[in-house]
Amino acid sequence: MSTVTLLLAAQAAGDNTFQVPLMPPQASAMAKQSDALFFGIFGLEMLIIVLVAVLVIVFAVRYRHGSKHEREYHVASKISDRIELSWGIPIFLIFIALYAWAGRLYVQMYTPPPKGDALQINGIAKQWMWKFEHPDGTREIDALHVPVGRKVNITVTSQDVVHSLYIPAFRVKRDVLPDRYVSLWFEPTKAGVYRLFCAEYCGTNHSRMRGLVHVLEQAEYERWLDGQEPVESPAAVGAALFRSYGCSACHDAGGTVHAPPLTGLYGRPVPLTGGGTRIADDAYIRDSILLPLKDVVASYPPVMPSFKGLISEADLYRLIAYVKSLAAVTRQPVQQSIPPEIFEKTRQPSKAQQSPAASDTSPNKRSPAQGNNSPNEGQTP
Ligand code: HEC
Ligand SMILES: [Cu+2]
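Each value, and the rule that gives it
- Counting from 1, residues in each chain are numbered in the order their sequence is written.
- Here the convention is simple: chains get letters from A, ligands get numbers from 1, in the order in which they are written.
- In keeping with the predicted nature of the model, local features appear solely for residues at pLDDT of at least 70, side-chain atom pairs appear and are counted solely at 80 or more, and the whole-chain, interface and lining totals rest on all residues.
- Secondary structure counts use DSSP, requiring at least four H or I residues in a row for a helix and at least two E residues in a row for a strand, with both numbered from the N terminus.
- Put plainly, a residue is buried at 20 or more neighbouring C-beta atoms within 10 Å of its own, exposed at 12 or fewer, and partly exposed in between, counting only other residues' C-beta atoms, which are placed from the backbone.
- Each residue carries a pLDDT value, the predictor's own confidence for that position, ranging from 0 to 100.
- Two residues qualify as a contact pair if the distance between their C-beta atoms, derived from the backbone, is within 7 Å.
- What we call a nonpolar core is a set of buried Ala, Val, Leu, Ile, Met, Phe, Trp, Tyr and Cys residues whose membership is set by joining through C-beta atoms within 7 Å.
- In this analysis a residue is considered near a molecule or strand if the C-beta atom, reconstructed from its backbone, is found within 6 Å of that molecule or strand.
- All residues other than Ala, Val, Leu, Ile, Met, Phe, Trp, Tyr, Cys, Pro, Asp, Glu, Lys and Arg, Gly among them, are scored as polar; the first ten of these are nonpolar and the last four charged.
- Strands are treated as partners if at least two bridges between them are detected by DSSP.
- Between N-to-C directions, angles span 0 to 180 degrees; the directions come from axes that are lines fitted to C-alpha atoms, helices contributing only their stretch in contact.
- Oblique is the label for every angle not falling under 35 degrees (roughly parallel), over 145 degrees (roughly antiparallel), or within 65 to 115 degrees (roughly perpendicular).
- Crossing handedness is read from the near helix: turned anticlockwise from the far helix by less than a right angle, it gives a left-handed crossing, and turned clockwise, a right-handed one.

## Looking at the overall build of the protein
Broken down by element type, the protein carries 11 helices and 12 strands. When the 381 residues of the protein are sorted by exposure, 23% land in the buried category.

## Quick word on the confidence of the model for the protein
Per-residue pLDDT for the protein averages 81, and the proportion of residues at 70 or more is 81%. Between residues 331-381, whose pLDDT stays under 50, and residues either more than four places distant or in other chains, the model counts 52 contacts.

## Remarks on the nonpolar core
Counting 27 residues, the largest nonpolar core has Val156, Ile167, Tyr194 and Val213 as the members making the most contacts within it. Non-local contacts of Tyr194, meaning those with residues more than four positions away in its chain, are made with Ala27, Ile167, Ala169, Leu212, Val213 and Val215.

## Comments concerning the site of ligand 1
Every one of the 29 residues lining ligand 1 counts as a neighbour, but Cys247, Cys250, Ser288, Tyr300 and Met304 are closest to it. Of all elements in the fold, only helix H6 (247-251), helix H7 (282-290) and helix H8 (313-328) reach the threshold of two or more residues within the shell around ligand 1. Considering every element that reaches the shell around ligand 1, the biggest residue donor is H6, with 4 residues. Tallied by class, residues from the shell around ligand 1 come to 25 nonpolar, 4 polar and no charged.

## A word on unusual backbone geometry
Trp128 follows Gln127 through a cis peptide bond whose omega is -5 degrees. With respect to the element layout, Trp128 can be found in the loop between strand S1 (119-126) and strand S2 (129-133). Phi at Ser299 takes a positive value of approximately 65 degrees, unusual for a residue other than glycine. Tracing the chain through its elements places Ser299 in the loop between H7 and H8. Exposure remark for Ser299: the 16 C-beta atoms within 10 Å place this residue in the partly exposed category.

## Considering the environment of Leu177
Relative to the helices and strands, Leu177 resides in the loop between strand S7 (172-176) and strand S8 (182-186). Its 17 C-beta neighbours within 10 Å are what place Leu177 among the partly exposed residues. Between the C-alpha atom of Leu177 and that of His163, which follows or precedes it by 14 residues, the distance is 6.6 Å. Those residues in contact with Leu177 that sit more than four places away from it in its chain are Ser158, Val162 and Val182.

## Some points on the sheet that holds S7
Strand order in the open sheet made by the 5 strands is S4-S10-S9-S6-S7, with mixed pairing throughout. Looking at which strands have only one partner, the edges of the open sheet turn out to be strand S4 (143-147) and S7. For this sheet the average axis-to-axis angle between neighbouring strands, irrespective of direction, equals 20 degrees. Direction of pairing for strand S6 (residues 163-167) relative to strand S9 (residues 192-198): antiparallel, over a ladder of 2 bridges. From the neighbouring strand, Leu165 faces S9, where its bridge partner is Cys198. Contacting S4 and strand S10 (210-216), helix H4 (residues 218-227) crosses the sheet at an angle of about 135 degrees to S4.

## Observations regarding the sheet that holds S2
Taking strand neighbours across the sheet as the criterion, the 5 strands line up as S3-S2-S1-S5-S8 in an open arrangement whose pairing is mixed. Across the chains shown, the open sheet's two edge strands, defined by having one partner strand only, are strand S3 (139-141) and S8. Going from strand to strand, the sheet's axes swing by 25 degrees on average, the running direction of each strand aside. Pairing between S1 and S2: 5 bridges, direction antiparallel. Across the sheet, the residue bridging to Ala125 is Trp130, located in S2.

## Remarks on the packing of helix H2 (residues 29-62) against helix H3 (residues 77-110)
Look at H2 against H3: their axes get within 11 Å of each other, and the N-to-C directions meet at 160 degrees. Judged by the angle between their axes, H2 and H3 are roughly antiparallel. The two elements H2 and H3 cross, and the hand of that crossing is left-handed. Residue-level inspection shows Met30, Gln33, Ser34, Leu37, Gly40, Ile41 and Leu44 of H2 in contact with H3, the latter providing Ile94, Leu98, Trp101, Ala102, Leu105 and Met109.

## Brief notes about the pairing of S1
The element S1 is largely enclosed, with a buried count of 6 among its 8 residues. Bridge count for S1 against strand S5 (residues 152-158) is 7 bridges, and the pairing is parallel. The residue of S5 that forms the bridge with Gly123 is Val156. Between S1 and S2, which follow one another and run antiparallel, lie 2 residues.

Following this line, the structure appears as structure tokens:
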């Protein structure tokens, strides 16, 4: 009941922009573009349908049985070729243009904005609810509060079957799969309350797997956050989990097992056993924990146990938040973790190449040797 009242109130609230009947409101930057494409294609198709229908009717009447219209007339083949080409080529070009337009929009829709640009929300779908967690750890179920005019990126996974996160007013939808992080982004342009659905049949109560997105003014959003029960930051909870799951026994300095230190890991390329690298993003860290044998860090033994089935999706987000927070920790100057002979090599080239290598904040490639615990790591010069 309250849902309906909220939505009605939102619709009544001084909203005087034109709204196409039967369409959800346009409440994101993407909505206008998506609708323009939709109506562009729809309009063109309507034109063609009407043209064909009119010709069918006209010809059916004109050349009906018994009518005296000329039927033997033939156009010279040269002219008829020209007629064919003169409608065929433009139609072809128009459809290619539509394809390019749609392709551009698709890429835009599914390329998340740069990390620093967007409010990062973590989501978990399960039968039959949506859970969201804000960067400060505030959690909500079947509701999502976001500020207006700011990009929002939701990283989401499923705890059980395939679901699909769908917010019609923002014209965004993304399938949510178990064992995988997908992201969905949008930029709300209008304060209000909008519906959120699961758009993939996922079991008995699929039709109830829905919620409301509350788009608030920035100040109101902050007030809302302040009004929520205070929670520990995800990174702090993650740090405690890192100890309780026994990760620290291997990964912290002084561990008995030869395991890579996770400080400064996030966002860097990791060299892998068997060649190749992977950027240490959320998905990589998640895989490292659940499928440690998938990508083994170069020059480390594949001894990390899999935690598949042992750690909940919610705790995984917190462990990742903890690893992420370690990236901000000041690292030892890079040269200290590079064995002397390799460090000498990096020093020899021109000054231009030397300076990024010497700075500990630059996103240096983690060379295999660097990931290795060199004898003088952790010592001060
Ligand atoms: C038995 C020791 C051990 C335990 C326990 C362990 N790890 Fe590991 N971990 C390793 C080793 C060894 C590697 C490097 C080889 C590999 O990639 O599998 C590694 C690799 C990783 C990586 C990739 C590091 C990089 O530099 O790319 C991450 C992230 C990671 N572990 C996180 C965790 C987390 C989180 C836990 C606890 C839930 C954990 N590990 C528990 C030994 C361990
Ligand atoms: Cu669902």
